[in-house]
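# Fold and geometry: a report
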Amino acid sequence: MKKRALITGITGQDGSYLAELLLNQGYEVFGLVRRTSTLNFERIRHIQDQLTLISGDMLDQTSMTSAISEIRPQEVYNLAAQSFVQTSWTQPVFTGDVTALGVTRLLDAIRTVDPTIRFYQASSSEMFGKVQEVPQVETTPFYPRSPYGVAKVYGHWITVNYRESYNMHATSGILFNHESPRRGIEFVTRKITYNAAKIKLGLANELRVGNLDAQRDWGFAGDYVQAMWLMLQQDIADDFVISTGETHSVEKLLNVAFSTVDLDWKKYTVQDEKFMRPAEVDLLVGDPSKAEKHLGWKPQVSFEKLIQMMVEADLQLLKAEHKL
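My aim in this report is to walk through the structure given alongside it, one point at a time. (Residues numbered from 1 in each chain as written. Predicted model: local features only at pLDDT ≥ 70, side-chain atom pairs only at ≥ 80, totals over all residues. Heavy atoms only, no water.)

This part is about unusual backbone geometry. Across the chain, the bulk of peptide bonds are trans and the bulk of non-glycine residues have phi less than zero. Of note, the bond from V134 into P135 is cis; its omega dihedral lies within 30 degrees of zero at -5°. Tracing the backbone shows P135 in the loop between β5 (118-124) and α5 (147-166). Positive phi outside glycine occurs at N167, with the angle close to 55°. Along the chain, the position of N167 falls in the loop between α5 and β6 (170-175). The backbone phi angle of K323 is positive, close to 55°, even though this residue is not glycine. (Helix = DSSP H or I, 4+ residues; strand = E, 2+ residues; numbered from the N terminus.)

Set out below in structure tokens:
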């Protein structure tokens, strides 16, 4: 009998990598998708015939309960969110409704239908925000600096509360920044790799960015979904920081990306106030030693290799689009 898993946010970066992983592990994989006029299946198109997609919405309790009742999965991975920090400032209420309350709707649907289902919540390093200690570990106090970070803190604590109150196997992965060629163009990593490729191909001549000094702990999304799966294979649910333990500045990211195409980033990059956050998170770096000890997990792809991989993928994409 195949294991069944439900992934919310399956059309996103993490959802697509996780779906691939679970299919390779022999799972029957279901994805929850919203009925919208702008559905984008690009990231899962290559495996879409192996997936079962069902309609549902994180804003709608009934559709959550119906999905769980219909599928009867053994594992649920909640990767759905309004996940862009900048947008959370212009859509704070919507961000809270999806990214915070959406977690409660899903947990309560599981509790109602079958509380033995194992649940994974995608928590975020943005919960640490104005960091209280460096590096950040599972017990570091949260101090979010955006509506997105605040919503993720709610999602994290409601997961802990359902685990402790209802004895559910509910786990949070506190994932630090993780990127890939499937990252959305609005995120700074992909924005930089995509524009470095565009400039190299003569399709653009300038890149506008915000804070060059902000530092992040960047890893590869394909590595991080492995950690998600490992968490739900444990006998006891717990929370884990998933990170590389290394930090890099946006300036270094620019340097690696442009060096990949033999260009000097300083000649093409302009700082723009428009891309500065109202409240900046300066230094995020995680300590993944608990995950290493209990899950046997370690990141495989280095920062430099990740950025090079993204630039090369964007070069191929742009060449195909523009028939170069």
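Now that the structure is up, let's keep going.
Space inside the second largest pocket adds up to approximately 360 Å³. Lining the second largest pocket are 13 residues, with E42, R43, P181, R182 and R190 positioned closest to its centre. The element that contributes the greatest number of residues to the lining of the second largest pocket is helix α10 (residues 303-322), accounting for three residues. (1 Å grid on protein atoms, 1.4 Å probe; cavity = no way out; pocket = protein on both sides within 12 Å on 5 of 7 lines; lining within 4 Å. Points joined across faces, edges and corners; volume = space filled by probe spheres on them.)

Moving on to helix α7 (residues 221-232). The end-to-end C-alpha separation of α7 is 17 Å, in line with the 16 Å expected for 12 residues at 1.5 Å each. Of all 12 residues in α7, 10 are buried, a share of seventy percent or more. (Expected span 1.5 Å × (residues − 1). Buried < 20%, exposed > 50% of the residue type's maximum accessible area, 1.4 Å probe, protein only.)

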